[in-house]
Amino acid sequence: MSLRIALLGLLTVSGPASGYDLTKLFESSINNAWQARHSQIYPELNKMAADGLITVEEEGPRGRKTYAITDEGAHELRTWLIEKGPTRSYRSEGVLRAFLLPTLEPHEAAALLRAEAASYGVRLAELEAIRAAKSSWKEPGFGHYALDLGIRQTRLMQDWAEETAAEIEGSTRS
């Protein structure tokens, strides 16, 4: 996924917004799945405007610009969602660490996995708090399905870490 697509999606959902507003919206939503800093967002907005995907609706004091998505930008977002399959290549430090666990002493591997399980537990609590705060929604809103996916993946990773630690600990006792 590109930052460009994420910004087009945010402008579609939020309506016209400044770079600052988009950065704050990004931090409170998409940032849970795709990270970007304001130092990346502002240059990308300028490129998107140059490419005709967004337009500057108004300019305010101190260079503040309010951006809106164009028909061309809406078409690009829709095309990306419908016609372009997601990249299936997967790079994960967590999976790499799982491959390399046998290089550790069993007690070290189990301790590492227990720490990972605790980290996943903290993240799971954060995601479930977000879901609880949005439980008053009558219909699934922006980010609802991504939040559900994130909760399920995090729970799965926490369970895997706990079960694998227990398996390693059990094999050292026998």
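Residues numbered from 1 in each chain as written. Predicted model: local features only at pLDDT ≥ 70, side-chain atom pairs only at ≥ 80, totals over all residues. Heavy atoms only, no water.

An unreviewed UniProt entry annotates the protein chain as PadR family transcriptional regulator of Streptosporangium minutum.

A word on the packing of helix H1 (residues 3-14) against helix H3 (residues 38-50)
Remark: H1 packs on H3, axes separated minimally by 10 Å, with the N-to-C direction vectors making an angle of 80 degrees. By the angle between their directions, the pair H1 and H3 is classed as roughly perpendicular. From H1, Leu 3, Arg 4, Leu 7 and Leu 8 reach across to H3, where they touch Gln 40, Ile 41, Glu 44, Leu 45, Lys 47 and Met 48. Of the residues contributing to the contact of H1 with H3, the split by class is six nonpolar, one polar and three charged. (Axes fitted to C-alpha atoms, helices over the stretch in contact; angles between N-to-C directions. Helix = DSSP H or I, 4+ residues; strand = E, 2+ residues; numbered from the N terminus. Parallel < 35°, antiparallel > 145°, perpendicular 65-115°, else oblique. Contact = heavy atoms within 4.5 Å. Nonpolar A, V, L, I, M, F, W, Y, C, P; charged D, E, K, R; others polar.)

What about the UniProt feature "domain: Transcription regulator PadR N-terminal" (unreviewed entry) in the protein chain?
Within the UniProt annotation, "domain: Transcription regulator PadR N-terminal" (unreviewed entry) is assigned to residues 7-78. As a span, residues 7-78 carries 53% helix and 18% strand, and end to end its C-alpha atoms are 13 Å apart. (UniProt positions renumbered as here; feature names shortened; annotations may be inferred.)

Some remarks on helix H6 (residues 106-133)
Between its first and last C-alpha, H6 extends 41 Å over 28 residues, near the 40 Å set by a 1.5 Å rise per residue. All buried positions along H6 are accounted for by Ala 109, Ala 110, Leu 113, Ala 117, Tyr 120, Leu 124 and Leu 127. Against helix H7 (144-173) lie the buried residues of H6. (Expected span 1.5 Å × (residues − 1). Buried < 20%, exposed > 50% of the residue type's maximum accessible area, 1.4 Å probe, protein only.)

Some details on H1
Here H1 is twelve residues long and its end C-alpha atoms lie 16 Å apart, about the 16 Å a rise of 1.5 Å per residue gives. Within H1, nine of the twelve residues are buried, leaving the element largely enclosed by the surrounding structure. The set of residues buried in H1 consists of Leu 3, Arg 4, Ile 5, Ala 6, Leu 7, Leu 8, Gly 9, Leu 10 and Leu 11. Buried residues along H1 sit in contact with strand S1 (17-18), helix H2 (19-27), H3, strand S2 (54-59), strand S3 (65-69) and helix H4 (71-83). Immediately beyond the C-terminal end of H1, within one or two residues, lies Gly 15, with a positive phi of roughly 85 degrees.

What about the domain arrangement of the protein chain?
Split by domain assignment, the protein chain resolves into domain 1 (2-82) and domain 2 (93-169). The gap between the C-alpha centroids of domain 1 and domain 2 is 30 Å. (Domains from an automatic or database assignment.)

Let's talk about the pattern of salt bridges
Under the counting rule described, the total for this entry stands at nine salt bridges. Two residues, Arg 123 and Glu 126, come together in a salt bridge whose shortest N-O distance is 3.0 Å. With Arg 123 and Glu 126 both in helix H6, this residue pair falls three residues apart, about one helical turn. On the basis of relative accessible area, Arg 123 is assigned to the partly exposed category, the value being 26%. Residues Glu 128 and Arg 155 are paired through a salt bridge, measuring 2.7 Å at the closest nitrogen-oxygen approach. Placement of the pair is Glu 128 in helix H6 and Arg 155 in helix H7, with a sequence separation of 27 residues. Look at Glu 128 and you get partly exposed, because its relative accessible area is 30%. Overall, the relative accessible area of 33% leaves Arg 155 in the partly exposed class. Through salt bridges that share partners, Arg 4, Glu 44 and Asp 51 make up one connected network. (Salt bridge = Lys/Arg side-chain N within 4 Å of Asp/Glu carboxyl O.)

Section: unusual backbone geometry
In the Ramachandran plot, Arg 62 falls in the positive-phi region, its phi being about 55 degrees despite a non-glycine side chain. For Arg 62, the location among the structural elements is in the loop between S2 and S3.

Notes on a nonpolar patch on the surface
Side chains of Tyr 90, Val 95, Leu 96, Phe 99 and Leu 100 sit close together on the surface and give an oily, nonpolar patch of about 570 Å² of accessible area. Relative to the helices and strands, Leu 96 is located in helix H5 (residues 93-100). Under the relative-accessibility criterion, Leu 96 is labelled partly exposed at 49%. (Patch = residues over 30% accessible without salt bridge, like charges linked within 9 Å, V, L, I, M, F, W, Y side chains within 5 Å. Areas by Shrake-Rupley, 256 points an atom, 1.4 Å probe, with all protein chains shown as cover.)

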